[in-house]
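Commentary on secondary and tertiary structure
Here is what each chain is made of, one letter per residue.
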Amino acid sequence: MAGWQDRFPGVAEADWRDWRWQLRHALRGADDLARLFRLTDRERRGLASTAGLFRVGVTPYYASLIDPDHPSCPVRMQAVPAPEEAEAAPGDRRDPLGEDRHRPVRALVHKYPDRALLLATDTCPVYCRHCTRRRITGGAVAGRPFDRAAVEEAIGYVRAHPELRDVLVSGGDPLVLSDERLGWLLGELRAIPHVQILRLATRAPVVLPMRVDEALARLLRAVKPLYVVTHFNHPKECTPDARAACELLVDHGVPVENQTVLLRRVNSSARTIADLNHRLLSWRVRPYYLHQGDLAEGTGHLRTPLGTGVAILEALRGHTSGLAVPHLAVDLPDGGGKITLQPDYRAAPPPGTVPEGPGQWFRGFRGTRHFVPEPPDDDVSCPYDAVFYPG
Ligand SMILES: *Cc1c(COP(=O)(O)O)cnc(C)c1O
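All values reported here derive from a predicted model rather than from experimental measurement.

Cut-off values and rules
- Residues numbered from 1 in each chain as written.
- Predicted model: local features only at pLDDT ≥ 70, side-chain atom pairs only at ≥ 80, totals over all residues.
- Heavy atoms only, no water.
- Near = heavy atom within 4 Å.
- Polar contact = N/O pair within 3.5 Å; in protein donor to acceptor, adjacent residues only side chain to side chain.
- Areas by Shrake-Rupley, 256 points an atom, 1.4 Å probe, with all protein chains shown as cover.
- Helix = DSSP H or I, 4+ residues; strand = E, 2+ residues; numbered from the N terminus.
- Nonpolar A, V, L, I, M, F, W, Y, C, P; charged D, E, K, R; others polar.
- Domains from an automatic or database assignment.
- Salt bridge = Lys/Arg side-chain N within 4 Å of Asp/Glu carboxyl O.
- Phe/Tyr/Trp six-rings, centres within 6.5 Å; stacked < 30°, edge-to-face > 60°.
- Buried < 20%, exposed > 50% of the residue type's maximum accessible area, 1.4 Å probe, protein only.
- Lys NZ or Arg CZ within 6 Å of the ring centre and 35° of its normal.
- Axes fitted to C-alpha atoms, helices over the stretch in contact; angles between N-to-C directions.
- Parallel < 35°, antiparallel > 145°, perpendicular 65-115°, else oblique.
- Contact = heavy atoms within 4.5 Å.
- Arc of directions from axis to C-beta.
- Left-handed = near helix turned anticlockwise from the far one by under 90°.

Okay, the site of the ligand next. Around the ligand sit Val 109, Tyr 112, Arg 115, Leu 117, Arg 133, Leu 168, Arg 199, Tyr 288, Tyr 289, Asp 331 and Lys 338, and those are all the residues in its vicinity. The separation between an oxygen atom of the ligand and a polar side-chain atom of Arg 199 is 2.8 Å. Lys 338 is positioned with one of its side-chain polar atoms (N or O) 3.0 Å from an oxygen atom of the ligand. Alone, the ligand offers 390 Å² of accessible surface; in the complex the protein occludes 91% of this. Within the residue set of the shell around the ligand, elements represented by two or more residues are β1 (108–112), β2 (115–119) and β7 (285–291). By residue class, the composition of the shell around the ligand is six nonpolar, no polar and five charged.

Rendered as structure tokens:
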């Protein structure tokens, strides 16, 4: 396929490599996109019917990955709205994860006992069509932006809550912020003694890899331990630029994890997920979560049945590196939090078997049946805990 120079003739290499140029030149609607490839009638209807509902924005870099000939291109389907996006599907909600009831301050969600999610901004380089926080990044219907006062208030909340040992900096995409602003934010969090680990949730390696440079890698390393959590959904996104961004971070001692959202007709096959995870692992990026699509408004056409994810895990487990097998997460509606699903490997005893004592029958990944004996005694207390954890 053609390189970016053919898709964006006349753009200087220095501009292309400049992440701010990429943000300034994001494609914002039908006219911009139509200059790049021929929009289908469906895509035109999708763009028209969602205008004013949800933001559209695609970096030239991410747009250059779009297959101009195939509307089912996974990059295209994540970037260009479908007409269904303007319709509510059964179960759709504005606040799919019940976060607003766990928002003690405007820019922070505190749903779990020891960790919180800080919303550093409401803007993104690319507005994903499956976004779970689209009510926040929503453009016309968005609330007040996350200005410095809102972020300072969130930092104050973390400071006042010693139970918070893990803070996820998210948004929006925090890597739309300057190094200076990001350095300030992460520095403030790092200075809070009870904050043990930081996480930075960003799609920049996927949609704006030029954002990840030496200076950023050093900045992130300096506030260690910080984990970058990124969001690759398809092997088509695994470009040399994306690889360079991930490897730069890892080479600087910044671990990179990946969260994939399971999307109907985009990546809803075991082959795609396995290929994606193999590529990521070869860059030392660890697959963390495979997310069942949340009930975010207008994303119903991209969701799969729950069994799709389970079947994908079953196709991976045992058949490939355990490192390539993510947790399948379902974030429950109304604030129930994340749970994980897995294939059920328990099996009935083969007909005619005599019970061998306590234990459980399982089917292995090849389908064979096996018995795992268990000890009769269930005392599992650790006597040394009393010594190691005095008081
Ligand atoms: C997913 C999430 C977290 C982090 O959950 P982990 O399972 O620790 O990765 C924290 N806060 C919110 C609001 C989340 O949605």
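Partitioning the protein into structural domains gives domain 1 (100–341) and domain 2 (346–391). Look at where the C-alpha atoms of domain 1 and domain 2 centre, and you get two points 36 Å apart.

Here we take up the pattern of salt bridges. Scanning all chains against the criterion turns up 32 salt bridges. The partner of Asp 32 in a salt bridge is Arg 35, with the nearest N and O atoms 2.9 Å apart. In the salt-bridge network here, residues are joined through shared partners; they are Asp 95, Glu 99, Asp 100, Arg 103, Arg 133 and Arg 135.

Attention now moves to the packing of aromatic side chains. Throughout the structure, instances matching the rule amount to eight aromatic pairs. Taking 5.8 Å as the distance between ring centres and 75° as the angle between the ring planes, the aromatic pair formed by Phe 232 and Trp 283 counts as edge-to-face. Placement of Phe 232 in the loop between β5 (226–230) and α12 (240–251) and of Trp 283 in the loop between α13 (270–282) and β7 is noted, with a sequence separation of 51 residues between them. Between Trp 361 and Phe 371, the aromatic rings sit 5.4 Å apart at their centres with planes inclined by 55°, giving tilted as the arrangement. With a gap of ten residues between them, Trp 361 in strand β10 (residues 359–363) and Phe 371 in strand β11 (residues 369–373) connect regions that are remote in the sequence. Accessibility classification places Trp 361 together with Phe 371 in one group, the buried group. Within the aromatic cluster, the residues linked to one another by ring pairs are Trp 4, Phe 8, Trp 16 and Trp 21. Taking NZ or CZ as reference, Arg 115 lies 4.4 Å from the ring centre of Tyr 112, over its face.

Running from N to C, helix α9 (residues 179–190) and helix α11 (residues 214–222) point in directions that differ by 10°, and their axes come no closer than 10 Å. As far as their axial angle goes, α11 and α9 are roughly parallel. In contact with Asp 179, Leu 182, Gly 183 and Leu 186 of α9, α11 contributes Ala 215, Leu 216, Leu 219 and Leu 220. Broken down by class, the residue content of the contact of α9 with α11 amounts to six nonpolar, one polar and one charged.

Given 3.6 residues per turn, any residue in an α-helix points the same way as the ones three and four places further on. When we look at burial in α11, the residues that qualify are Leu 216, Ala 217, Leu 219 and Leu 220. Burial along α11 is one-sided: seen end-on, the buried residues are contained in an arc of 160°. Tucked inside the fold, the buried residues of α11 contact α9, β4 (197–201), β5 and α12.

Relative orientation of the contacting elements helix α8 (residues 148–159) and α9 amounts to 20°, with a least axis distance of 10 Å. One finds that α8 runs roughly parallel with respect to α9. For the pair α8 and α9, the crossing hand works out as right-handed. Residues Arg 148, Val 151, Glu 152, Ile 155, Val 158 and Arg 159 of α8 form the contact with α9, whose participating residues are Arg 181, Trp 184, Leu 185, Glu 188 and Leu 189. Looking at the contact of α8 with α9 residue by residue, the classes come out as six nonpolar, no polar and five charged.

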